[in-house]
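Remarks on the overall topology
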Amino acid sequence: MEKLLIKGGFVVDPSQKLEGLADILIEKGKISKIERNIPPSGDEEVIDARSMVVAPAFVDPHAHLRDPGQTYKEDIESGSRAAVFGGFTTVVSMPNTSPTTDNPAIVEYQIQKAQKVGLIRLLPAGTITVGRKGEKLTDFNALKKAGAVALTDDGTTLTDESLLKTALYWASDLGLLVMDHAELPSLSRGHLNEGKVSSLLGLAGRSRSAEAIAVARDGFLAQETDAKIHIQHVSAKESVDLLSLFKEKGVNITSEVNPNHLLLTEEAVLKYGPLAKVNPPLRTKEDRKALIQALAEGIIDCIGTDHAPHASWEKEKPLDQAPPGMLGFQIALPALVKLYNEGLITLKRLVEVLSTTPAKILNLYPELGTLKVGTTADVVIFDLKHEWVFDEKINPSKSSNSPFMGRKLVGKVFYTIKEGKIVYRGKS
Ligand SMILES: [Zn+2]
């Protein structure tokens, strides 16, 4: 087993209220020592982390790895490479694969393939309903036994509230987390935010009420069932108001925001076309502001990347035919660094929302999302100031659907370490 000594880095670990210069020794896959100065003993690899931040590795509750069935977009191997490039060692994969992840065989296939690749800890989400059709619940027990950690029909929500309520009861009994793509289909038949840009382009929109009503429904059901619910990709300011209200009341509701909603507004569709098409859609300046503030204040709990690769021929279709989604792993850290540089979030909060809090939501804490001595050594080392261009040469994904392709980004991962093993080394 490798022995690593991370020297001279600025360690940020919210779980221990740690923020300062320290060295970290990793032995046998665990954090074995954190001290101001640990002299090398000669039998370890020394990582020079001077001028870099050292933090618990990132945890993503929301990514599409497209495997099985759509491996021309991404597969578990390329997706793993993209994840560690972004500093993520733990990833919850979405079940809208083909066939859908609605049975234990697919969950097992995904876990085994990820283990073979050996870069990330892949934690599959299973579907709530068979075939994601919204009609019949899947076998939660069998999915859990196979290794699923969460349930979602991501891409859409359940329209049968009584079925969702039953799902919450059962999932809660089994310790599975229900996650919801909170957007009512009847109010979101369009392709971008219902507003200025959709009317300018003469295209059907997706209403903000589609999300707000679903968030309200989910909150009330979580309250009534006393079960946990996690709202995926919050995009509208009305949802933020509701989340704040439910949290005040002590409801077990958590939520995530995607880097794309933190960085872009609906106008991006005019500039980037289908590359800026996502569900829920990019919204207005006011929404973006509300999301950033909610993330800073803890009303929104964490980041989900919603990494959603698509082939270029798919994204070259017209807006109303192109599939929704964009790459997420690669831009998550730069998105948060941008907010940090603008003084909108602290460095501690940056690490919390990318690591500690998602680990807690997924019940992985206190083993992950922390650098406490004795825990699993999943560590990320990044440079807050490093400028890089996100281009084809550097991109590990099979797809390149991102409005940020070819653009200069600030904030770069240089080492991703999983269980004491370096799984990614960045070049400057
Ligand atoms: Zn979704």
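Residues numbered from 1 in each chain as written. Predicted model: local features only at pLDDT ≥ 70, side-chain atom pairs only at ≥ 80, totals over all residues. Heavy atoms only, no water.

1. Details of the overall build of the protein
From N to C terminus, the protein includes 13 helices and 18 strands. Relative to a compact globule of 428 residues, whose C-alpha radius of gyration would be 22 Å, the protein shows 20 Å and is just as compact. Across the protein, contacts joining residues at least 24 apart in sequence account for 74% of those joining residues at least 6 apart. Carbon and sulfur atoms form 51% of the exposed surface of the protein, whose accessible area is close to 16300 Å². Side chains of the protein give 52 positive and 54 negative charges; the mean places of these two sets differ by 3 Å. (Helix = DSSP H or I, 4+ residues; strand = E, 2+ residues; numbered from the N terminus. Rg over C-alpha atoms; globule rule 2.2 N^0.38 Å. Contact = heavy atoms within 4.5 Å. Areas by Shrake-Rupley, 256 points an atom, 1.4 Å probe, with all protein chains shown as cover. Lys, Arg positive; Asp, Glu negative; His and termini not counted. Charge placed at Lys NZ, Arg CZ, Asp CG, Glu CD.)

2. Regarding helix H7 (residues 237-248)
The terminal C-alpha atoms of H7 lie 17 Å apart, and with 12 residues this matches the ideal 16 Å at 1.5 Å per residue to within 8%. Ser239, Val240, Leu243 and Phe246 are the residues of H7 that are buried. Seen along its axis, H7 keeps its buried residues to an arc of 130 degrees; they face one direction. Those residues of H7 that are exposed and aimed more than 90 degrees away from the buried face are Asp241 and Glu248. Residues of H7 that are buried make contact with helix H6 (208-225), strand S13 (229-231), strand S14 (253-257) and helix H10 (285-297). Immediately beyond the C-terminal end of H7, within one or two residues, lies Gly250, with a positive phi of roughly 80 degrees. (Expected span 1.5 Å × (residues − 1). Buried < 20%, exposed > 50% of the residue type's maximum accessible area, 1.4 Å probe, protein only. Arc of directions from axis to C-beta.)

3. A few points about the packing of helix H1 (residues 76-85) against helix H2 (residues 104-117)
The relative placement of two packed helices comes down to the angle between their axes together with the axis-to-axis distance. In contact at an axis separation of 9 Å, H1 and H2 are set at 60 degrees when each is read in the N-to-C sense. On the basis of their axis angle, the class for H1 and H2 is oblique. Two packed elements cross with a definite hand, and for H1 against H2 that hand is right-handed. Between H1 and H2, the contacting residues are Ile76, Glu77 and Ser80 on the first element and Tyr109, Gln110, Lys113, Ala114 and Val117 on the second. Its residues assigned to classes, the contact of H1 with H2 comprises 4 nonpolar, 2 polar and 2 charged. (Axes fitted to C-alpha atoms, helices over the stretch in contact; angles between N-to-C directions. Parallel < 35°, antiparallel > 145°, perpendicular 65-115°, else oblique. Left-handed = near helix turned anticlockwise from the far one by under 90°. Nonpolar A, V, L, I, M, F, W, Y, C, P; charged D, E, K, R; others polar.)

4. Details of the layout of surface pockets
Computed from the structure, the largest pocket encloses a volume of approximately 390 Å³. Residue lining of the largest pocket: 23 residues in total, with Asn96, Gly155, Asn279, His310 and Pro324 positioned closest to the centre. The residue inventory of the lining of the largest pocket, partitioned by class, reads 4 nonpolar, 11 polar and 8 charged. (1 Å grid on protein atoms, 1.4 Å probe; cavity = no way out; pocket = protein on both sides within 12 Å on 5 of 7 lines; lining within 4 Å. Points joined across faces, edges and corners; volume = space filled by probe spheres on them.)

5. Quick look at the coordination of the zinc ion
Protein coordination at the zinc ion: the donors are Asp154 (OD), His181 (ND1) and His233 (NE2), at 1.9 to 2.2 Å from the metal. Each donor residue of the zinc ion belongs to the same chain, with the gaps between them written as D-x26-H-x51-H. Taken together, the positions of Asp154 in the loop between strand S9 (150-151) and helix H4 (161-174) and His181 in the loop between strand S10 (177-180) and strand S11 (192-193) put the pair 27 residues apart, joining distant regions of the chain. The same class applies to Asp154 and to His181, which are both buried. (Donors = N, O, S within 2.8 Å, 3.2 Å for Na, K, Ca; no water.)

6. A few points about empty space enclosed by the protein
For the structure shown, the criterion picks out 1 cavity of 30 Å³ or more. For the largest cavity, the calculated volume is near 40 Å³. What lines the largest cavity is Phe85, Gly86, Gln330, Leu333, Pro334, Trp388, Gly411, Lys412 and Val413. Within the residue set of the lining of the largest cavity, elements represented by two or more residues are helix H12 (329-341) and strand S17 (408-418). Viewed by domain, the lining of the largest cavity spans two of them, domain 1 (4-54 + 374-425) and domain 2 (57-361), each represented by three or more residues. (Domains from an automatic or database assignment.)

7. Overview of the environment of Leu21
Take Leu21: it is sitting in strand S2 (residues 18-27). Accessibility expressed as a relative area gives 45% for Leu21, which makes it partly exposed. As a C-alpha pair, Leu21 and Val53 span 32 residues in sequence and 9.1 Å in three-dimensional space. Once residues lying within four places of it in the same chain are set aside, the contact partners of Leu21 are Gly8, Gly9, Phe10 and Arg36.

8. Side note on the packing of H7 against H10
Running from N to C, H7 and H10 cross one another at 30 degrees; their axes reach a closest spacing of 8 Å. Taken as axis vectors, H7 and H10 run roughly parallel relative to one another. Every residue of H10 that contacts H7 at Lys237, Glu238 and Val240 is listed here: Glu286, Asp287, Ala290, Leu291 and Ala294. When its residues are assigned to classes, the contact of H7 with H10 shows 4 nonpolar, no polar and 4 charged.

9. Quick word on the pairing of S14
Counting buried residues along S14, 5 of its 5 residues qualify, which places the element largely inside the surrounding structure. Here 3 bridges tie S13 to S14, and the two strands are oriented parallel to one another. Bridging from a neighbouring strand, His230 pairs with Thr254 of S14. Each parallel crossover has a hand, and for S13 linked through H7 to S14 it is right-handed. (Pairing = 2+ DSSP bridges. Right-handed = clockwise from strand over helix to strand, strands pointing away.)

10. Some words on the domain arrangement of the protein
Each domain of the protein was delimited in the assignment, giving domain 1 (4-54 + 374-425) and domain 2 (57-361). The gap between the C-alpha centroids of domain 1 and domain 2 is 25 Å. Between domain 1 and domain 2, the residue contacts involve 38 residues of the former and 48 residues of the latter. Buried area between domain 1 and domain 2, both sides added, is near 3400 Å², and the carbon and sulfur share of it is 68%. Among the residues domain 1 hides against domain 2, the three largest losses belong to Lys398, Asn401 and Pro403. Together they make up 19% of the total. Where domain 1 meets domain 2, there are 3 salt bridges. Between Arg121 and Glu419 there is a salt bridge, with its nearest N and O atoms 3.1 Å apart. For the pair domain 1 and domain 2, the interface holds 18 residue pairs in polar contact (both at pLDDT 80 or more). Residue assignment for the side of domain 1 that touches domain 2 shows that the elements contributing at least two residues are strand S1 (4-13), strand S16 (379-389), S17 and strand S18 (421-425). Tallying contributions element by element places S17 first for the side of domain 1 that touches domain 2, with 8 residues. Split into classes, the residues belonging to the side of domain 1 that touches domain 2 amount to 20 nonpolar, 10 polar and 8 charged. (Buried area = accessible area lost by both parts, 1.4 Å probe. Salt bridge = Lys/Arg side-chain N within 4 Å of Asp/Glu carboxyl O. Polar contact = N/O pair within 3.5 Å; in protein donor to acceptor, adjacent residues only side chain to side chain.)

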